[in-house]
Amino acid sequence: MAAILFKWMLVSWMSWMHPFYVGVTEVQHNKTDQTLEISIKLFIDDFERGLAAQYKTTVDLTNPKDPKQTDAWIFQYIQNNLHFKVNGKPVTLEYVGYEKEREAAWCYVQVSNVAEVKQLAIENSLLYNVLDQQIHIMHLNANGQRKSGKVMNPERQFSASF
């Protein structure tokens, strides 16, 4: 029993010493609205570090001093680090907003005028500017199919055909 307790405590201590840095990007094709709805989940403290490094200032996503400026920084950061191609063609992101959920920030963007998705490619380098161990899990949903993948820094690209 003591050996099991020791192993559990060792694993807990090691996970505290070497945390995981994981972000999730969920993409849903909405055929009715002809949009790609994109949700990005990042830990708030990591995201604040990424934004602060990019813009050379302190960023507080929980209590922003200037919400409009914070939204502008978030959207610019996403535009710089998250790129999509639909059916082989680059598309333009539109910012919807962000919200907090406990320790995470959910950021929402969309792509308009997407009638059909046959192939979807993502280049994701969010937080690579501050976290060498960053991992991104991506879930792509189109045409009734779900495709998932993972990229680890320095990898950036994931694509799926539907």
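Heads up: the structure comes first, above all this text.
Before going into details, it helps to say that this report is about the structure given with it. (Residues numbered from 1 in each chain as written. Predicted model: local features only at pLDDT ≥ 70, side-chain atom pairs only at ≥ 80, totals over all residues. Heavy atoms only, no water.)

1. Description of the packing of helix H2 (residues 44-55) against helix H3 (residues 67-81)
So, step 1. The contact between H2 and H3 brings their axes to 11 Å, and the two run at 85°. Between H2 and H3, the angle is such that the two are roughly perpendicular. Together, Phe47, Gly50, Leu51, Gln54 and Tyr55 of H2 and Trp73, Ile74, Gln76, Tyr77 and Asn80 of H3 make up the contact between the two elements.
So, step 2. When grouped by side-chain class, the residues that make up the contact of H2 with H3 number six nonpolar, four polar and no charged. (Axes fitted to C-alpha atoms, helices over the stretch in contact; angles between N-to-C directions. Helix = DSSP H or I, 4+ residues; strand = E, 2+ residues; numbered from the N terminus. Parallel < 35°, antiparallel > 145°, perpendicular 65-115°, else oblique. Contact = heavy atoms within 4.5 Å. Nonpolar A, V, L, I, M, F, W, Y, C, P; charged D, E, K, R; others polar.)

2. Quick word on the pattern of salt bridges
So, step 1. This model, assessed by the stated rule, comprises two salt bridges.
So, step 2. Across the pair Arg146 and Glu26 runs a salt bridge whose closest N-O atoms are separated by 3.0 Å. Of this pair, Arg146 sits in strand E9 (residues 145-152) while Glu26 sits in strand E1 (residues 21-30); the two residues are 120 residues apart in sequence, bridging distant segments of the chain.
So, step 3. Judged by its relative accessible area of 47%, Arg146 is partly exposed.
So, step 4. What makes Glu26 partly exposed here is its relative accessible area of 22%.
So, step 5. For the salt bridge of Glu101 with Lys41, the shortest nitrogen-to-oxygen distance reads 3.8 Å. With a gap of 60 residues between them, Glu101 in strand E5 (residues 94-101) and Lys41 in strand E2 (residues 35-43) connect regions that are remote in the sequence.
So, step 6. Since its relative accessible area comes to 34%, Glu101 is described here as partly exposed. (Salt bridge = Lys/Arg side-chain N within 4 Å of Asp/Glu carboxyl O. Buried < 20%, exposed > 50% of the residue type's maximum accessible area, 1.4 Å probe, protein only.)

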